[in-house]
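Observations on the three-dimensional arrangement
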Amino acid sequence: MLKRYRKWFCVSVYIIFLLAGQSAAVLLGRLYFDKGGNSKWMSTFVQSAGFPVLLPLLFYFSSSSPQSKSNNNNKDSFKNTKPKVSSLILLYIGFGLLLTGDNLMYSYGLLYLPVSTYSLLCATQLAFNALFSYFLNSQKFTAFIFNSIVLLTISASLLAINSDSSESSGILRGKYIIGFLCTVFASAVFSLYLSLMQLSFDKVIKRKTFSSILGMQIYPSFVATSGCVVGLFASGEWKTLHNEMQSYQKGSVSYVMTLVWIAVTWQVFSIGMIGLILEVSSLFSNLISTLSLPIVPVLAVFFFHDKFSGVKAVALLLAIWGFISYIYQHYLDDQKAKADKSDDAVEASKGEVEVC
């Protein structure tokens, strides 16, 4: 009983991390571009560059891991559960490069599209994730899960359609097409990233610890950040950063602090995302991520003084309904697992009585 409550407590904490981190990061990302930022590679860089803030946690949880457990278990079986160093290195490099390309495509989408259109296209990651989860993670679909996906997608779509009716973006058609394609491809790649992450924990890492979560976030982020540095210099954008900082509407100090907090909040989001993949599934993590799409406009009311229309209120209610629907399905799965475990215990006790 205590173990079950502990699991749901961890899930709740990871949900808060994901929603708070993603919402703050998206708002700050919009602030960066709206106030004069224009570097795609810098926007990509800060999405992964905040990983050093997690290093103290990694050292703490790695050093506090009880070594005595290996003495209580068979040493050979313990070794078999540890992944090979070469396998981990390949995983970190692969995920890091995938993350670099994905973040760059999201940066192009955020720069070239209205935020409403961007949000609508990001919601397509649910469809991609359902596909990848079915083939890679053996994800089963029920009526409640399908209902949750539909509601969350409609919620994001309502916000996008409503916002588009009152926006005049003034974006060139060529740039619009680039942003559209980049965001769709980024959504697909991100969904593949989540499914591969879950598969890696199940098949390669095989350790459900917080230190393994941190490691899977820190090391790929290091690779992704290194790739962004190369891209920043290869593209020549590094030459414009000084002028960009000086001409930033809110001042150079605000420019630096905006980028710093974008980096930190994306790391908070990533910990929540990976934690949910570990505790539940990649599909659940993606659904919670989609829930933040209607949350961002609500926060924009307070920080950017946006109008909160009736359509936005309906979209938020639909998102909450979809979230509850998916949570209820997991509650049913949990109850079924308890019932099956109880039946197995009864059958085992009957078998012992018959032997006696």
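Note that residues are indexed from 1 along each chain, following the sequence as it is written. Totals for whole chains, interfaces and linings use all residues, but because this is a predicted model, local features are given only for residues with pLDDT of at least 70 and pairs of side-chain atoms are given and counted only at 80 or more. Just so you know, side-chain values use all the structure's heavy atoms and leave hydrogens and water out.

1. Here we look at the overall build of the protein chain
Runs of E in the DSSP output that reach at least two residues are strands. Runs of H or I that reach at least four are helices, and both are numbered from the N terminus. Across its full length, the protein chain holds 15 helices and zero strands. Each residue's exposure class comes from its accessible area (1.4 Å probe, protein chains only) as a fraction of the maximum for that residue type: buried when under 20%, exposed when over 50%, partly exposed otherwise. By residue count, 45% of the 356 residues in the protein chain fall in the buried class. For the protein chain, restricting intrachain contacts to residue pairs at least 6 apart in sequence, the fraction spanning at least 24 positions comes to 88%. Contacts are assigned to residue pairs with any non-hydrogen atoms lying within 4.5 Å of each other.

2. Digging into the environment of Gly215
Positionally, Gly215 belongs in helix α11 (residues 210-235). Each C-alpha atom, one on Gly215 and one on Leu55, is 9.1 Å from the other, the two residues being 160 residues apart in sequence. Ignoring sequence-local partners within four residues, the contact set of Gly215 consists of Leu58, Tyr92 and Pro220.

3. Quick notes on the packing of helix α1 (residues 2-34) against helix α13 (residues 252-279)
Two quantities define a packed helix pair, namely the angle between the helix axes and the distance between the axes. Fitting a line to C-alpha atoms yields each axis, with helices limited to the stretch in contact; the angle taken between N-to-C directions then spans 0 to 180 degrees. One way to put it is that α1 packs onto α13 with a least axis distance of 7 Å and a crossing angle of 150 degrees. Considering the angle they form, α1 stands roughly antiparallel to α13. In this structure, α1 meets α13 at a crossing whose hand is left-handed. Residue polarity is assigned by list, with Asp, Glu, Lys and Arg as charged and Ala, Val, Leu, Ile, Met, Phe, Trp, Tyr, Cys and Pro as nonpolar; anything else, Gly included, falls into the polar class. Taken together, the residues that form the contact of α1 with α13 break down as 22 nonpolar, seven polar and two charged. Any angle that falls under 35 degrees is termed roughly parallel, while one over 145 is termed roughly antiparallel, one within 65 to 115 roughly perpendicular, and all others oblique. The handedness criterion is simple: a crossing whose near helix is rotated anticlockwise from the far helix by less than a right angle is left-handed, and one whose near helix is rotated clockwise is right-handed.

4. Section: the packing of α1 against helix α6 (residues 85-112)
One way to put it is that α1 packs onto α6 with a least axis distance of 10 Å and a crossing angle of 60 degrees. Taken together, α1 and α6 sit at an angle that is classed as oblique. Between α1 and α6 lies a crossing whose hand is right-handed. Of the residues in α6, those in contact with Gly29, Arg30 and Phe33 of α1 are Ser107, Leu110 and Leu111. Within the contact of α1 with α6, the residues separate by chemical class into three nonpolar, two polar and one charged.

5. What to know about α1
For an α-helix the count is 3.6 residues per turn, leaving residues at separations of three or four pointing the same way. For α1, spanning 33 residues, the distance from its first C-alpha to its last is 48 Å, which sits close to the expected 48 Å at 1.5 Å a residue. Phi for Gly36, located one or two positions after α1, is positive at around 125 degrees. Given a helix with a known number of residues, its expected span is that number minus one, times 1.5 Å.

6. A short note on the pattern of salt bridges
Every case where a carboxyl oxygen of Asp or Glu lies within 4 Å of a side-chain nitrogen of Lys or Arg is listed as a salt bridge. Within the structure shown, the criterion is met by one salt bridge. Two residues, Arg30 and Asp34, come together in a salt bridge whose shortest N-O distance is 3.3 Å. Note that Arg30 and Asp34 are positioned in helix α1 at a spacing of four residues, about one turn of the helix. On the accessibility criterion, Asp34 (44% relative accessible area) is partly exposed.

7. Focus: a nonpolar patch on the surface
Patch membership needs two things, relative accessible area over 30% and no salt bridge, and members are linked within 9 Å if like-charged or within 5 Å if nonpolar (Val, Leu, Ile, Met, Phe, Trp, Tyr). Accessible surface is estimated by sampling points in the Shrake-Rupley manner with a 1.4 Å probe; for residues, cover comes only from the protein chains shown. On the surface, a nonpolar cluster with roughly 450 Å² of combined accessible area is contributed by Tyr176, Ile177, Phe180, Leu181 and Phe185. When you line up the elements, Phe180 lands in helix α10 (residues 173-205).

8. Some points on the confidence of the model for the protein chain
Of all residues in the protein chain, 80% attain a pLDDT of 70 or more, and the chain-wide mean is 79. Confidence, read as mean pLDDT per element, is least for helix α4 (residues 69-72) in the protein chain (43) and greatest for helix α2 (residues 40-46) (94). Predicted confidence for residues 67-80 stays below pLDDT 50, and this span has two contacts to residues more than four positions away or in other chains. A score from 0 to 100, pLDDT tells how confident the predictor is in each residue.

9. What to know about the nonpolar core
Put simply, buried Ala, Val, Leu, Ile, Met, Phe, Trp, Tyr and Cys residues joined by side-chain atoms within 4.5 Å make one nonpolar core. Counting 60 residues, the largest nonpolar core has Met42, Met216, Met273 and Leu276 as the members making the most contacts within it. Of all the secondary-structure elements, those providing two or more residues to this core are α1, α2, α6, α7 (115-122), α10, α11, α13 and α14 (282-303). At twelve residues, α1 tops the list of elements feeding residues into this core. Residues in contact with Met42, not counting those within four places in the same chain, are Tyr32, Leu232, Glu237, Leu241, Tyr255 and Leu259. With six residues, the next largest nonpolar core counts Phe51, Leu54, Leu58 and Leu214 among its residues.

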